[in-house]
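Architecture at a glance
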Amino acid sequence: EQYFISDVQFRGFRQFSAGTVRKLMTVKIRRFLFWKNSPELDEQKLRIDINRIRDYYKNNFFFDASINYYFAFMGNDCEITIEALEGEKYSLAGTTFTFASPIPQKKSSALISQAIKKMPSKPTLDHVYEMTAAALEYLKNSGYGSSEVKGRLVIDRGKHEAEAEVEISPGIHQVFGQ
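Summary of the structure given here. Everything numeric in this text was worked out from a predicted model, so none of it was measured.

**Section: helix 2 (residues 43–59)**
- When the terminal C-alpha atoms of helix 2 are compared, their 24 Å separation across 17 residues agrees well with the 24 Å that a helix rising 1.5 Å per residue should span.
- Contacts made by the buried residues of helix 2 are with helix 1 (18–24), strand 2 (66–74), strand 3 (77–85) and helix 4 (125–141).
- Count one or two residues on from helix 2 and you reach Phe61, which has phi positive near 70°.

Here it is as structure tokens:
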């Protein structure tokens with residue numbers, strides 16, 4: 001049997017507006033074109049949207065957020081309710097850099113400075129990834145072409161804090177053309 005989406009309701013969204021969350025979704029409803037049929041319910045698309053919303057919360061340091069959805073059927077029409085239990089926002093307690101092999105102090109300080117520039121006062125996980133990418137780019141541009149940078153986030157659920165750990169394997173320093 002086919003069901004058509006008549007409405008999507010958002011409950012419990014306090015940190016992000018319904019409009020922000022709606023933009024993340026591929027499931028749509030037709031509000032103004034009343035003469036057209038409502039879109040067909042596709043639960044697989046809805047699950048993908050729910051995961052996208054969950055990821056958005058995690059990207060913004062809401063690691064305990066839970067996103068659920070419910071259906072209310074009226075004939076062939078279906079109203080979807082999406083509910084957020086946001087939990088507390090975690091803070092980024094700090095960033096630790098470790099080097100698998102030493103590089104000159106001046107270069108390691110410059111690398112850390114370049115990487116930290118990518119971190120705004122209210123970071124997201126994307127900023128943590130950008131920070132590791134900036135560290136890798138700095139190394140490669142400084143003659144460490146075989147370098148590797150790995151980043152991870154260590155979450156302390158008791159303190160509602162996360163710490164970024166960046167592990168740097170600079171490899172061999174290579175200078176060409178001199």
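Picking up where we left off.
**Side note on the sheet that holds strand 5 (residues 148–156)**
- Reading across the sheet, the 3 strands line up as 4-6-5 and stay open at both edges, with mixed pairing between neighbours. Only two strands of the sheet have a single neighbouring strand rather than two, namely strand 4 (91–99) and strand 5. Strand-to-strand twist in this sheet, taken as the mean axis angle between neighbours without regard to direction, amounts to 20°.
- Inspection of the sheet shows strand 5 paired to strand 6 (residues 161–169) by 9 bridges, in the antiparallel sense. Residue pairing for strand 6: Leu153 is matched across the bridge by Ala164.
- Relative to the sheet, helix 3 (residues 105–116) contacts strand 4 and strand 6, its axis offset from that of strand 4 by approximately 150°.
- Strands strand 4, strand 5 and strand 6 of the sheet are contacted by helix 4, whose axis makes an angle of about 155° with strand 5.

**A word on the packing of helix 3 against helix 4**
- It is at 8 Å that the axes of helix 3 and helix 4 come closest, and there the two elements cross at 145°. For helix 3 against helix 4, the interelement crossing comes out right-handed. For the pair helix 3 and helix 4, contact is made by Lys107, Ala110, Leu111, Gln114, Ala115 and Ile116 and by Met131, Ala134, Ala135, Tyr138 and Leu139, respectively.
- Along the lines of polarity and charge, the residues of the contact of helix 3 with helix 4 split into 9 nonpolar, 1 polar and 1 charged.

**What about unusual backbone geometry?**
- Located in the positive-phi region is Phe61, a residue other than glycine, with phi close to 70°.
- Secondary-structure assignment places Phe61 in the loop between helix 2 and strand 2.
- The class for Phe61 is buried, based on a relative accessible area of 1%.
- The phi dihedral of His160 falls on the positive side, at around 55°, and the residue is not glycine.
- With respect to the element layout, His160 can be found in the loop between strand 5 and strand 6.

**As for the environment of Asp64**
- With respect to the helices, strands and loops of the structure, Asp64 is situated in the loop between helix 2 and strand 2.
- The class of Asp64 is partly exposed, set by a relative accessible area of 32%.
- C-alpha of Asp64 to C-alpha of Glu86: the two residues are 22 residues apart in sequence and 6.8 Å apart in space.
- When sequence neighbours within four positions are dropped, the list of residues in contact with Asp64 reads Leu85, Glu86, Tyr90, Arg157 and His160.
- One polar contact links Asp64 to Arg157, side chain to side chain, over a distance of 2.4 Å.

**Description of the pattern of salt bridges**
- Per the stated rule, a full pass over the model turns up 5 salt bridges.
- Two residues, Arg52 and Asp49, come together in a salt bridge whose shortest N-O distance is 2.8 Å. Taken together, the residues Arg52 and Asp49, both in helix 2 and 3 residues apart, mark about one turn of the helix.
- Taking the relative accessible area as the measure of exposure, Arg52 reaches 32% and is therefore partly exposed.
- As a salt-bridge pair, Glu165 and Arg152 come within 2.8 Å of each other at their nearest N and O atoms. Taken together, the residues Glu165 in strand 6 and Arg152 in strand 5 connect sequence positions 13 residues apart.

Rules of the game
Residues numbered from 1 in each chain as written. Predicted model: local features only at pLDDT ≥ 70, side-chain atom pairs only at ≥ 80, totals over all residues. Heavy atoms only, no water. Helix = DSSP H or I, 4+ residues; strand = E, 2+ residues; numbered from the N terminus. Expected span 1.5 Å × (residues − 1). Contact = heavy atoms within 4.5 Å. Pairing = 2+ DSSP bridges. Axes fitted to C-alpha atoms, helices over the stretch in contact; angles between N-to-C directions. Left-handed = near helix turned anticlockwise from the far one by under 90°. Nonpolar A, V, L, I, M, F, W, Y, C, P; charged D, E, K, R; others polar. Buried < 20%, exposed > 50% of the residue type's maximum accessible area, 1.4 Å probe, protein only. Polar contact = N/O pair within 3.5 Å; in protein donor to acceptor, adjacent residues only side chain to side chain. Salt bridge = Lys/Arg side-chain N within 4 Å of Asp/Glu carboxyl O.

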